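Descriptive structure summary
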Amino acid sequence: MGPDLQGITERRDEAWIIKFVQNSQALIEAGDAVAIQVFEENSKIPMPPNNLTDDQVRDILLYIENGGKVAASEVVEVETEETVASQETVQAETPAEAVSGRKDMRNMQITFVVLLILMLISLFDLFVTKILKEKWIHYIIILTALYIGGEVLFVEATSLGRQQYYQPDQPVWFSHKVHAGQNQIDCMYCHFTADKSMHAGIPPVAVCMNCHNQVKSGKITGESEIAKVTEAYANKKPIEWIKVHNVPDHVYFNHAQHVEVGKVDCEECHGAVEEMDEIVQVEDLSMGWCIDCHRTKEVQFANNKFYEQYTRMHEKLISGEKVKVTVADMGGEDCQRCHY
Ligand code: HEC
Ligand code: HEC
Ligand code: HEC
Ligand code: HEC
Ligand code: HEC
């Protein structure tokens, strides 16, 4: 990183660097001795693959060779697949919408309390004080209160144990808006196990230090928050992040299945993370939420090696017996797939 890369073009062959930058893990898996050495010397933190073209990597090398100075005319803007995709991303729930959802919930609780009080007053008047002579007024109040109260109670009771809109304060003011938004750092750079394991994982402090070796102060928090990161690294103490999203123990949820096989975008489940200063859970993570998506989501059957063995399904698609295959068609509604 940073100054360490000075003279890199003299130390290594250009073709090798290009391959390494584009997909270092592929080189390592192919048994390239230099790549393996670099990987092992750097605490075995994988550098995620990217869509940089050969010319873009050459531009970066030129930039390093010139000590960080590049003539504007030499910079070529290339639209990578990723930028195109990000321009037409799915409509994710924005933090603003999430907040308005939270307000709705509070309004419901207030309605519930107000109705409860009204109901108690009319019951009291009906049997004790008897001030109002028109009894139908009491009945209307009591019946509406029971109806709406029942509904509120039902909604609140079914969401017991769930934590939609949960947004705990974290030990370090880490902002996804600054990192994934403004600085366009790929989600997979930090959550590098999301496509190959059950858990997306939270990056170790060493990953932060890849950049915060150099970047010592931020525009919003100055030096105070980044200092906590360097201190944690120096003291070999992990940062104690608070987990935001949780499914109950009796539910099996696997990131790799969704990210790698199902090709579901992070945003579809986590909302517009790149606009969040503090992570908030936008979905309720209820069983209905999982099932709704499994019933409607079309699996990307074509050119997906994970589905090659489903020959009968492929035949049905070709013969026109089926127009689309949903997750439910693949067993996404079977209880034991999600419950241990
Ligand atoms: C790929 C590079 C990179 C990585 C990795 C990285 N950061 Fe940053 N970080 C930055 C940049 C760039 C800034 C913005 C500095 C600025 O505001 O100009 C920043 C800013 C910050 C700030 C200050 C925000 C502000 O604006 O005040 C904090 C705190 C921070 N990072 C924490 C972390 C933590 C914790 C990690 C590890 C989980 C991490 N960073 C990983 C590049 C990185
Ligand atoms: C620079 C590193 C970095 C990048 C890039 C990054 N994250 Fe994170 N992410 C973290 C850290 C550190 C945490 C734990 C602190 C927190 O919850 O804010 C986290 C937490 C999360 C959580 C909440 C986890 C929980 O506790 O339930 C989600 C969801 C998430 N990230 C999604 C994303 C998505 C989606 C992207 C890409 C748009 C992304 N992250 C990019 C470092 C990163
Ligand atoms: C199909 C929905 C879905 C998708 C797609 C998805 N997540 Fe998650 N994510 C969840 C659920 C549900 C949890 C809670 C899991 C648990 O409690 O075990 C979670 C938890 C997390 C966590 C907390 C740590 C962990 O692994 O449990 C992080 C970080 C995270 N997701 C990041 C990401 C990133 C980054 C992506 C995209 C590469 C992504 N997620 C894609 C649903 C999803
Ligand atoms: C945004 C859509 C979406 C949401 C929300 C979602 N899933 Fe999925 N799920 C998928 C897709 C796409 C697949 C891939 C289909 C496959 O594996 O064949 C999948 C596959 C699965 C599978 C594997 C099914 C099989 O055929 O073996 C399990 C288990 C699963 N999901 C559990 C969950 C759980 C638990 C939740 C809720 C916490 C959830 N999913 C939420 C889209 C979703
Ligand atoms: C796509 C994944 C998925 C499938 C398929 C699924 N469930 Fe669930 N189930 C969940 C999730 C996620 C929860 C947790 C919801 C919550 O926390 O509110 C849950 C919760 C439950 C609960 C409530 C447990 C409690 O503590 O309240 C029961 C009972 C249940 N499921 C039974 C079933 C049965 C029976 C089937 C088959 C007909 C089934 N589930 C299929 C994902 C699934």
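Residues numbered from 1 in each chain as written. Chains lettered and ligands numbered in written order. Predicted model: local features only at pLDDT ≥ 70, side-chain atom pairs only at ≥ 80, totals over all residues.

1. Section: the overall build of the chain
Scanning the chain from terminus to terminus reveals 17 helices and zero strands. Relative to its 340 residues, the chain shows a buried fraction of 9%. For the chain, restricting intrachain contacts to residue pairs at least 6 apart in sequence, the fraction spanning at least 24 positions comes to 70%. (Helix = DSSP H or I, 4+ residues; strand = E, 2+ residues; numbered from the N terminus. Buried ≥ 20, exposed ≤ 12 C-beta atoms within 10 Å, placed from the backbone. Contact = placed C-beta atoms within 7 Å.)

2. Considering the site of ligand 2
Looking at ligand 2, there are 21 residues lining it, with C187, C190, V244, H245 and C266 nearest. Of the residues assigned to the shell around ligand 2, the class counts are 13 nonpolar, six polar and two charged. (Near = placed C-beta within 6 Å. Nonpolar A, V, L, I, M, F, W, Y, C, P; charged D, E, K, R; others polar.)

3. Let's talk about the nonpolar core
Counting 10 residues, the largest nonpolar core is built from A180, C187, C190, F192, A272, V273, M276, I279, V280 and V282. A180 has contacts with I185, C187, V273 and E274, leaving out every residue within four places of it along the chain. (Core = buried A, V, L, I, M, F, W, Y, C linked by C-beta atoms within 7 Å.)

4. Thoughts on the packing of helix α11 (residues 205–212) against helix α12 (residues 224–234)
The description of two helices packed together rests on the angle between their axes and the distance between the axes. Direction vectors running N to C along α11 and α12 enclose 120°, while the axes themselves pass 10 Å from each other. Comparing their axes, α12 and α11 come out oblique. Along this stretch, α11 crosses α12, giving a crossing that reads as left-handed. Here α11 contributes V205, C208, M209 and H212 to the contact with α12, which in turn contributes I226, V229, T230, A232 and Y233. Among the residues making up the contact of α11 with α12, the classes are represented as seven nonpolar, two polar and no charged. (Axes fitted to C-alpha atoms, helices over the stretch in contact; angles between N-to-C directions. Parallel < 35°, antiparallel > 145°, perpendicular 65-115°, else oblique. Left-handed = near helix turned anticlockwise from the far one by under 90°.)

5. Examining the site of ligand 4
Inspection of the region around ligand 4 gives 24 residues, with G262, C290, C293, M330 and R337 positioned closest. Contributions of two or more residues to the shell around ligand 4 are made by α13 (255–261), α14 (266–270), α15 (287–296) and α17 (335–338). Here the element with the most residues in the shell around ligand 4 is α15; it accounts for four residues. Among the residues forming the shell around ligand 4, the class breakdown is 15 nonpolar, six polar and three charged. A domain split of the shell around ligand 4 shows at least three residues from each of domain 3 (169–283) and domain 4 (286–340). (Domains from an automatic or database assignment.)

6. Remarks on the confidence of the model for the chain
Summarising the model, the chain shows a mean pLDDT of 85, and 88% of its residues fall at 70 or more. Of the regions scoring below 50 in pLDDT, residues 74–92 engages in 19 contacts with residues more than four places distant in sequence or in other chains. (pLDDT = per-residue confidence, 0-100.)

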